[in-house]
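Examination of the molecular architecture
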Amino acid sequence: IALVVLVSFTTLFTSCDLFEDADDIDFDATLEETITVTEESTGTNVAYTETILLDATSDPDIDEYQDKITGFTVKKISYQLTSYDGPSLCTFSGTLAFGDASLATSTVSATITNLNLQQAFTSAQIFDLTFNQADADKIAALLKDDKAVKIYLNGTLSQTPVYCTIRVIVDVSVKADAL
């Protein structure tokens, strides 16, 4: 009889864990933010820096579940030039970096080398950034903690003046407890 009671309790607690996991929901979201580049000076090899905040709660599903989110998975990060006005041969070399929303330094960065801004805009191509899994996990942890992440554009414009907008796209999967 003791064995039957022990098996019954083990089954009951195992079943409760299954029901708890069954209440979890998973969904995908695409987070987007725009970096506006405005460099009015005329020159060559001009250093440029811009910082913006990507707020994950701007996505309605993330906003709804923000207090129940148990984790993010970063699937892909990409960018696209959505406007451009400047010299036809202007290139950008530098980094697109990510950091804690409450701090002023980046944690993770990806390199962009000799990107011709006019060609990138004209082609409307979406460029994928390369991150290793550990870096993607760091960005996911920042999103989980703050539901936001700072994005830093740092680099050199080969010719100026330049005016452009860059759409940063972060594709994530979200795991949350049910409401």
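Read on for an overview of the structure. As the structure is a computational prediction, the values presented were derived from the model and not from experiment.

Each value, and the rule that gives it
- Residues numbered from 1 in each chain as written.
- Predicted model: local features only at pLDDT ≥ 70, side-chain atom pairs only at ≥ 80, totals over all residues.
- Heavy atoms only, no water.
- Buried < 20%, exposed > 50% of the residue type's maximum accessible area, 1.4 Å probe, protein only.
- Helix = DSSP H or I, 4+ residues; strand = E, 2+ residues; numbered from the N terminus.
- Pairing = 2+ DSSP bridges.
- Salt bridge = Lys/Arg side-chain N within 4 Å of Asp/Glu carboxyl O.
- Polar contact = N/O pair within 3.5 Å; in protein donor to acceptor, adjacent residues only side chain to side chain.
- Contact = heavy atoms within 4.5 Å.

A word on the pairing of strand β3 (residues 91–99)
Counting buried residues along β3, seven of its nine residues qualify, which places the element largely inside the surrounding structure. Note: β3 against strand β4 (residues 108–116), seven bridges, orientation antiparallel. The residue of β4 that forms the bridge with Thr-95 is Thr-111. Where β3 meets strand β6 (residues 148–177), eight bridges bridge the pair, whose relative direction is antiparallel. The residue bridging Ser-93 from the neighbouring strand is Thr-156, located in β6.

Let's talk about the pattern of salt bridges
Counted according to the given criterion, the structure contains four salt bridges. The closest approach of N and O atoms between Asp-26 and Lys-175, which form a salt bridge, is 3.8 Å. Remark: Lys-175 occurs in strand β6 and Asp-26 occurs in strand β1 (residues 24–55); sequence separation between them is 149 residues. Classification of Lys-175 by relative accessible area gives partly exposed; the value is 36%. Where Asp-135 meets Lys-138, a salt bridge forms, and the shortest distance between an N and an O atom there is 3.9 Å. Pair noted here: Asp-135 and Lys-138 are both in helix α4 (residues 133–146), with a separation of three residues, about one helical turn.

Describing the side chain of Asn-116
The topology assignment puts Asn-116 in strand β4. A relative accessible area of 12% places Asn-116 in the buried class. Reaching out from Asn-116, the side chain makes a polar contact with the backbone nitrogen of Gln-118 at a distance of 3.1 Å. The contact partners of Asn-116, leaving out residues within four places of it in the chain, are Ser-88, Leu-89, Cys-90 and Thr-91.

So far we have only geometry, and geometry alone does not tell us how the molecule works.
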